[in-house]
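Remarks on the overall topology
Next come the chains, spelled out residue by residue.
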Amino acid sequence: MMSTATLQSKKVKKVLVIEDEGDMCLLLNIMLNGKEMELDHVKNLTAAEEYLQQEQPSVVIIDNKLPDGFGIDFILFMKKNYPAIKIIMISGFDGSAKDVALENGADLFLEKPFTKNQLFDAIKGLMN
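Reading guide: rules and limits
- Residues numbered from 1 in each chain as written.
- Predicted model: local features only at pLDDT ≥ 70, side-chain atom pairs only at ≥ 80, totals over all residues.
- Heavy atoms only, no water.
- Pairing = 2+ DSSP bridges.
- Helix = DSSP H or I, 4+ residues; strand = E, 2+ residues; numbered from the N terminus.
- Axes fitted to C-alpha atoms, helices over the stretch in contact; angles between N-to-C directions.
- Polar contact = N/O pair within 3.5 Å; in protein donor to acceptor, adjacent residues only side chain to side chain.
- Contact = heavy atoms within 4.5 Å.
- Phe/Tyr/Trp six-rings, centres within 6.5 Å; stacked < 30°, edge-to-face > 60°.
- Buried < 20%, exposed > 50% of the residue type's maximum accessible area, 1.4 Å probe, protein only.
- Core = buried A, V, L, I, M, F, W, Y, C linked by side-chain atoms within 4.5 Å.

1. Quick look at the sheet that holds strand β1 (residues 13–18)
Taken in spatial order, the 5 strands line up as β2-β1-β3-β6-β7 in an open sheet, and their pairing is parallel. The open sheet has two edge strands, β2 (37–42) and β7 (108–111), and neither has a second partner. When strand polarity is set aside, the average angle formed by the axes of neighbouring strands in this sheet is 20°. Examined bridge by bridge, strand β3 (residues 59–63) and strand β6 (residues 86–91) share 5 bridges and lie parallel to one another.

2. Structural notes on the side chain of Asp40
Relative to the assigned elements, Asp40 resides in strand β2. Side-chain polar atoms of Asp40 contact the side chain of Tyr51, separated by 2.6 Å. Excluding residues within four positions of it along the chain, Asp40 makes contact with Lys14, Val15, Leu16, Val17 and Tyr51.

3. Some points on the packing of aromatic side chains
Counted according to the given criterion, the structure contains 2 aromatic pairs. On the basis of an interplanar angle of 65° and a centroid distance of 6.1 Å, the ring pair of Phe77 and Tyr82 is categorised as edge-to-face. Given a relative accessible area of 15%, Tyr82 falls into the buried group. What links up through ring pairs into an aromatic cluster is the set Phe74, Phe77 and Tyr82.

4. Focus: the nonpolar core
Within the largest apolar cluster, 22 residues are counted, with the highest numbers of intra-cluster contacts made by Ile18, Leu52, Ile62 and Phe74. For this core, the elements supplying multiple residues, two or more each, are β1, α3 (45–54), β3, α4 (71–81), β6 and α5 (96–103). Not counting residues up to four positions away in its chain, the partners in contact with Ile18 are Val42, Asn44, Leu45, Ala48, Val60, Ile61, Ile62, Asp63, Leu66 and Phe74. Core analysis: the second largest hydrophobic core is formed by 20 residues, Met24, Val59, Ile90 and Ala122 among them.

In structure tokens:
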């Protein structure tokens, strides 16, 4: 019979990716495949809000430029309503977004392009 502690350590961590670019979603999937985490994807902030009402991921990876708004603004919503979730913002457009993202509560900012190891180390660090 397994103890509760053993069950907890075997539990797969959920990661939500909020990204509208199909190529980037595919790349993140490939980079994190087989890493003892379950990836879910949504393409906009509305879908992300609906997802968070149902699920509680350990980590959210969010892009800044999304079809229905900016990830930077959504960080405030997540921190207010789901303070336990760790947030990694990814962006390739604007270096100034980094400061605002971190001020708004992002735990980490990764500038595109980033390596597989940078991404995995970031997620692993936030989950521990």
